[in-house]
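Residue strings, one per chain:
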There are 4 protein chains.
Amino acid sequence: MSFNSFGRVFRFTTWGESHGPALGAIVDGCPPGLALAEADLQPWLDRRRPGQSRFTTQRQEPDQVRILSGVFEGRTTGTPISLMIENVDQRSKDYSEVAKAYRPGHADYAYDAKYGLRDYRGGGRSSARETAARVAAGGVARLVLPEVRIRAWVSEVGGDVATGFDADEIDRNPFFCPDPAAAARWEKLIDAARKDGSSLGAVVTCEALGVPAGWGAPLYAKLDAELAAAMMSINAVKGVEIGDGFAAARLRGEQNADAMRPGAGGPEFASNHAGGIAGGISTGQPVRVRVAFKPTSSIVTPVPTVTREGAPAEIVTKGRHDPCVGIRGAPVVEAMMALVLADQKLLHRAQCG
Amino acid sequence: MSFNSFGRVFRFTTWGESHGPALGAIVDGCPPGLALAEADLQPWLDRRRPGQSRFTTQRQEPDQVRILSGVFEGRTTGTPISLMIENVDQRSKDYSEVAKAYRPGHADYAYDAKYGLRDYRGGGRSSARETAARVAAGGVARLVLPEVRIRAWVSEVGGDVATGFDADEIDRNPFFCPDPAAAARWEKLIDAARKDGSSLGAVVTCEALGVPAGWGAPLYAKLDAELAAAMMSINAVKGVEIGDGFAAARLRGEQNADAMRPGAGGPEFASNHAGGIAGGISTGQPVRVRVAFKPTSSIVTPVPTVTREGAPAEIVTKGRHDPCVGIRGAPVVEAMMALVLADQKLLHRAQCG
Amino acid sequence: MSFNSFGRVFRFTTWGESHGPALGAIVDGCPPGLALAEADLQPWLDRRRPGQSRFTTQRQEPDQVRILSGVFEGRTTGTPISLMIENVDQRSKDYSEVAKAYRPGHADYAYDAKYGLRDYRGGGRSSARETAARVAAGGVARLVLPEVRIRAWVSEVGGDVATGFDADEIDRNPFFCPDPAAAARWEKLIDAARKDGSSLGAVVTCEALGVPAGWGAPLYAKLDAELAAAMMSINAVKGVEIGDGFAAARLRGEQNADAMRPGAGGPEFASNHAGGIAGGISTGQPVRVRVAFKPTSSIVTPVPTVTREGAPAEIVTKGRHDPCVGIRGAPVVEAMMALVLADQKLLHRAQCG
Amino acid sequence: MSFNSFGRVFRFTTWGESHGPALGAIVDGCPPGLALAEADLQPWLDRRRPGQSRFTTQRQEPDQVRILSGVFEGRTTGTPISLMIENVDQRSKDYSEVAKAYRPGHADYAYDAKYGLRDYRGGGRSSARETAARVAAGGVARLVLPEVRIRAWVSEVGGDVATGFDADEIDRNPFFCPDPAAAARWEKLIDAARKDGSSLGAVVTCEALGVPAGWGAPLYAKLDAELAAAMMSINAVKGVEIGDGFAAARLRGEQNADAMRPGAGGPEFASNHAGGIAGGISTGQPVRVRVAFKPTSSIVTPVPTVTREGAPAEIVTKGRHDPCVGIRGAPVVEAMMALVLADQKLLHRAQCG
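Because the structure is predicted, anything quoted here is derived from the model rather than measured.

**Student:** Explanation requested: the interface of chain C and chain D in the structure shown.
**Tutor:** Facing the 107 residues of chain C at the interface are 107 residues of chain D. A buried area of about 8100 Å², summed over both sides, lies between chain C and chain D, and 65% of it is on carbon and sulfur atoms. When the buried surface of chain C facing chain D is broken down by residue, C:Tyr220, C:Lys238 and C:Phe246 rank first, second and third, together holding 11% of it. The salt bridge partner of C:Arg252 is D:Asp196, with a shortest N-O separation of 2.8 Å.

Listed below in structure tokens is the structure:
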């Protein structure tokens, strides 16, 4: 099934295609009485918005969010919040070739195999434009979490790792990079990839500070399982790690153990290999996740493919694309973190009061 | 909330603790008319069963599964299938220290923070014994998928990678290792870790062959998102990759593109960087996932910790533990793959006929 | 929680308030490839639309539905279908008194008790205008059910029962009444109630013809349980019966048994006391449900009440209201029947192929 | 699909057939720290237990409930609570005829039409024995609701209405009848029906006292919609009313309005036509529901039917059956009321704190 909803009690549903008239999200289950205006959501959308530098797609979308329901006299009412963003810069003429042949790395063939037809304009529902709706919904989720501070950054582009970390740098460059030296290198890397008609992958790291111990659940709704699903649902994501992730598989037990000592308001931990989650439940340490984005599949380098009728072909994907889609992934990863945590906070309150 | 259920239309719910009288699973939504007897499930449980070599816990559990409902005259009736496995080798005396202090890397502190109490005997609900119930349920899921062949193997132990691959080797050694040379090395590695009172992590790779193109969904029920949640819900898992995973983040667009050419019954692909999934939907290639297991947290090396009352302490985890819990993760990963695919197959049939 | 979604695999979510800019529905899980245009949905909305006779509210709402996503080149794509209806005739000035005191029979007090605030304009989310979104979604559901014919009619108004039945009459009078003689009596009854500043209740009967045997499930997703929830979720509904309903409680076993005899394509039944459902599963007979609507709570007769501050008050509900809200319930009941059956059809296909 | 689960955050799943080895329920999402022992649940099962008078089936089932998980040192741990009840008095030989021909009024034909096979012994999954599992789960739900007092009674048998009401009488007769005069009449009615080889229907009324204002939700998870689904999911139920139900459809607006006046701790109501629910949310008045049970379908009066092969036949249902299944419905209705309210209480806490 389509299942365009996420969450259990704080839930959102998104809709819309790249080249339809609009896209949006319905946020259901939001606590009542929270101050909410469009101006509270717009800054998050602006961070994700394309066309702000030469390192992202040149599609010009203002991404103005409208609140159509669920808010009265500036406060949430507890009823569903409908958020809508109009598409204003579609150029459907760009996509005539995509109608005929399948772009490798894209969902074109898979959609046709599943549904027997597809909206090929800009990838239709599989377009990363859908993530604008998540970012808007994530803005609502943040209101539920005043105690939590979420920040994501790009920690790796094309295999080049940012080794420094200065949180204040993240918003000072077009790469959400916490390391000015790495940002300077990435500028060249991405420019070169763009000129080659190629693209690059990236890794986004996200941390949530202030999550109290106790959110989550033992098994199929584990906090880490929910985060894994949330992150893997983002376009172009191919891997998710909690804490040390795959590196933990190379540690010995005593290296990986996060030793504890008495602290104010609960134990203090000597390390955070676990990424703030044990047994599916938060420990009070920062919740840390790493997300791998593959390189943008839309490239102008020709790739062999087949047509809808099964004939051999070559395809180049013209149009306006991000040379490194992972960069704009950072605000999306933040939004998904907020959406998962808001849901888990309310679930915890339901069961444990 | 607790949420001990997984799946959307083919769903299972597990229950039980390490040291309770039994544990089990309810499988709901199973198609009717499938031939099913306890003997069909037992082999999968036997593969996961502890105590079969010195490389796993010495707890002796026969793990005999009983079918209590949902089967009549040897066939599934379409009503819930209740599976039960009795615990026969609990030794609760082993766990008196765990009652008092928190084992780092374990869920002890998180459970107490969430629930205010915990069943400390063998980790209670957080014990890896719960995975026996999944493996039983997975055996039912396999019946729904006669066209699919699922196989998982351990591809890395303690950072040592199995480079060879011979599928027939997987069941010839106690490590589910497809490479005899690696298996020989791992034997020494694990023995050494055990003697040191330490433990090792591992990586499990799983492939599903025969999945047709078209299973999955575009967004929050993406096939890869469901797999990520399923795998991350397994005890000790800290990372999940689809296809190339994090390595894809270091490829360029043209390297990562899985070029297509005409083939019999659909396109053929020149590579499978995508792990058989594009846009959340299967492409007809093998579905491939990699899963990172942290080293077993139960070690006899002393680790600093705190007591329930907040006093400093040191803890060693005596008892009978797997020196490398990832090894027995292989049958569990297979089960979760089967459970996700069975659900997705039925969901696809629901929407697309 | 808010839970503004209904359905399991064919699912819809509604949003919007009486006096907001718009309201709408997202339909998720719709099969792909179905021909769908706004013109396919508009006739159902037109039947429910207010202001068409003096027997319904005089609010003038064109209720034009727009499809914002999920349809490409005239066919459903399998992705979420966003339906939007603008509110054009709000008169918020009518509701100043409602802000201060609670209208008995309305949700005013309950909303304040739950949420601490409420959108008092026209009842906000509790307004029957929400049912426009259901009717639009129901129009999509009907496309999934070409084999099924659904028809609802008003069978009782203010205790006066329609004894005749001519299906062709249903759309020939403003009461969806299948009996011209009853329609003539109801005209007088409703006119009198309106002049008295009072209101009347009604009973709606709905039948689905052509439902094959086998849709539904044994227990908590019984076809009748799903219908009961669906109908009880409609504003002003206080009772639901399947088949003979409460009258069955006064029959003896042999009277209530629907005897069977051999027929073409399955058994034929001598009667339909069961309303086409046995053990939660359809039998191939017409699925029949009866739904009780209380009298409209908005009346101009003064009723004692309390203010938000807890002071005694009297309230009359001015504004534009239906003197018998059950009448316009008929198209809504049809929509809910279609939505339940579409979901059950797909669920049956999922499990049983 | 099968969907043997009910509830959103406080959820339970039942399993088991009439003639299998056992049946049970898994309760998930229960708050931690509640005192719970088998002795807390047994009294509720004993009330529902068959064979206690000549007015119920003579099947002798002790219905001893066992708690297999989720409780540690006498308190709930927050993890799933597995409840099991063994079947000890199956007599499968009674059901040989049922294998061949369909019993009118039973689910036999519907199950065969859906699943292609059925466990015909005692109705398999469609047996009212399943309700024992609900009653056990309901016993857990009651622990979540110390502020609520739930009581159900039989208010009508075979069309004979209990006009008196003395709560203390309910447990003094085998009919859960609050009116000794009616109980005396029912004794004769049921004896006569039993001697005739016939059966009778009944109506059960249930009230929950102490439900605070604010539980529920505006639309598809309305408190009344959840109750309607819960009650309609019980075997043999054909109708559900909230408050005045169908009688409300015959009232005028001013008759049906529950006038309010200032009271201690919220408004006081002059009447309770609404059954304690407005707009899907509790008002603080008693929550009142009425449930119609059809006459037991198992009767020894011969009824025309067809065989599995489609040949004409006559069937009488021998075996041990309740002459009026609605009587034992009273404890089941109470259990479902408790299960719905526990879920709604936790959901309210999730959203509104």
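**Student:** So what exactly am I meant to see when it comes to the interface of chain D and chain B here?
**Tutor:** A common way to state how big an interface is: give the accessible area lost once the parts meet. Contact with chain D, which involves 44 residues of that partner, is made by 44 residues of chain B. Between chain D and chain B, the buried area comes to about 3400 Å², and carbon and sulfur atoms account for 66% of it. Our count for the chain D to chain B interface comes out at zero salt bridges. Inspection of the region where chain D meets chain B yields ten residue pairs in polar contact (both at pLDDT 80 or more). Those elements giving two or more residues to the side of chain D that touches chain B turn out to be β2 (11-16), β3 (22-28), β6 (75-76), β7 (81-86) and α3 (108-115) of chain D. Top element by residues in the side of chain D that touches chain B is β2(D). It accounts for five residues. Its residues placed into classes, the side of chain D that touches chain B shows 18 nonpolar, 15 polar and eleven charged.

**Student:** What should I look at first to understand the relation of the copies chain C and chain D in this one?
**Tutor:** Both copies of the chain are tied together by a single rotation about an axis and a shift running along it. For these two chains of identical sequence, chain C goes onto chain D by a turn of 180° and a shift of 0.0 Å along the axis, with RMSD 0.0 Å. Such a combination of turn and shift is consistent with a two-fold rotation axis.

**Student:** Just checking my understanding: could you explain the confidence of the model for chain A for this structure?
**Tutor:** Interpretation of the predicted coordinates at a detailed level should be avoided for regions scoring low in pLDDT. Of the residues in chain A, 97% reach a pLDDT of 70 or more, and the chain-wide mean stands at 94. This prediction of the complex comes with two scores: 0.97 for pTM and 0.96 for ipTM.

**Student:** Sorry, what's going on with the pattern of salt bridges here?
**Tutor:** Two side chains bearing opposite charge may form a pair once their charged atoms approach each other closely. Taken as a whole, this structure holds 104 salt bridges over all chains when the rule is applied. A salt bridge links A:Arg288 to A:Glu207; the shortest N-O distance between them is 3.9 Å. Taken as a pair, A:Arg288 in strand β16 (residues 287-293) and A:Glu207 in strand β10 (residues 202-209) lie far apart in primary sequence, 81 residues in all. Neither A:Arg288 nor A:Glu207 differs from the other in exposure class; each is buried. Between B:Asp112 and B:Arg118 there is a salt bridge; the shortest N-O distance is 3.4 Å. Taken individually, B:Asp112 and B:Arg118 each receive the classification buried, so the pair is uniform in this respect. The structure contains a network of salt bridges with shared partners spanning A:Arg103, A:Asp108, A:Asp112, A:Arg118 and A:Arg308.

**Student:** Would you take a moment to explain the side chain of C:Thr13 for this structure?
**Tutor:** Of note, C:Thr13 is situated in strand β2 (residues 11-16). Residue C:Thr13 is classed as buried on the basis of its relative accessible area of 6%. Within the structure, C:Thr13 has its side chain in polar contact with the side chain of C:Ser5 (distance 2.7 Å). Ignoring anything within four residues of it in the chain, the contact list for C:Thr13 reads A:Thr13, A:Ile26, C:Asn4, C:Ser5, C:Gly24, C:Ala25 and C:Ile26.

**Student:** Before we go on, may I ask you to explain empty space enclosed by the protein in this structure?
**Tutor:** Where empty space is left in the structure can be found by rolling a water-sized probe over the atoms. Taken as a whole, the largest cavity holds about 1400 Å³ of empty space. A:Arg11, B:Arg11, C:Arg11, D:Gly7 and D:Arg11 are the residues nearest the centre of the largest cavity, which is lined by 39 residues in total. Every element with two or more residues in the lining of the largest cavity is listed here: β1 (5-6) and α6 (223-232) of chain A, β1 (5-6) and α6 (223-232) of chain B, β1 (5-6) and α6 (223-232) of chain C together with β1 (5-6) and α6 (223-232) of chain D.

**Student:** Please clarify how the pairing of β10(A) should be interpreted in this entry.
**Tutor:** In the case of a regular strand, side chains alternate between the two sheet surfaces. Residue and element names in this part refer to chain A. The buried fraction of β10 amounts to seven of the eight residues, a majority that puts the element mostly inside the structure. One ladder, built from seven bridges, connects β10 with β16; its direction is antiparallel. The partner of Ala-202 across the bridge, within β16, is Phe-293.

The rules behind each value
- Residues numbered from 1 in each chain as written.
- Chains lettered and ligands numbered in written order.
- Predicted model: local features only at pLDDT ≥ 70, side-chain atom pairs only at ≥ 80, totals over all residues.
- Heavy atoms only, no water.
- Contact = heavy atoms within 4.5 Å.
- Buried area = accessible area lost by both parts, 1.4 Å probe.
- Salt bridge = Lys/Arg side-chain N within 4 Å of Asp/Glu carboxyl O.
- Polar contact = N/O pair within 3.5 Å; in protein donor to acceptor, adjacent residues only side chain to side chain.
- Helix = DSSP H or I, 4+ residues; strand = E, 2+ residues; numbered from the N terminus.
- Nonpolar A, V, L, I, M, F, W, Y, C, P; charged D, E, K, R; others polar.
- Least-squares fit on C-alpha atoms with pLDDT ≥ 70 in both.
- pLDDT = per-residue confidence, 0-100.
- Buried < 20%, exposed > 50% of the residue type's maximum accessible area, 1.4 Å probe, protein only.
- 1 Å grid on protein atoms, 1.4 Å probe; cavity = no way out; pocket = protein on both sides within 12 Å on 5 of 7 lines; lining within 4 Å.
- Points joined across faces, edges and corners; volume = space filled by probe spheres on them.
- Pairing = 2+ DSSP bridges.

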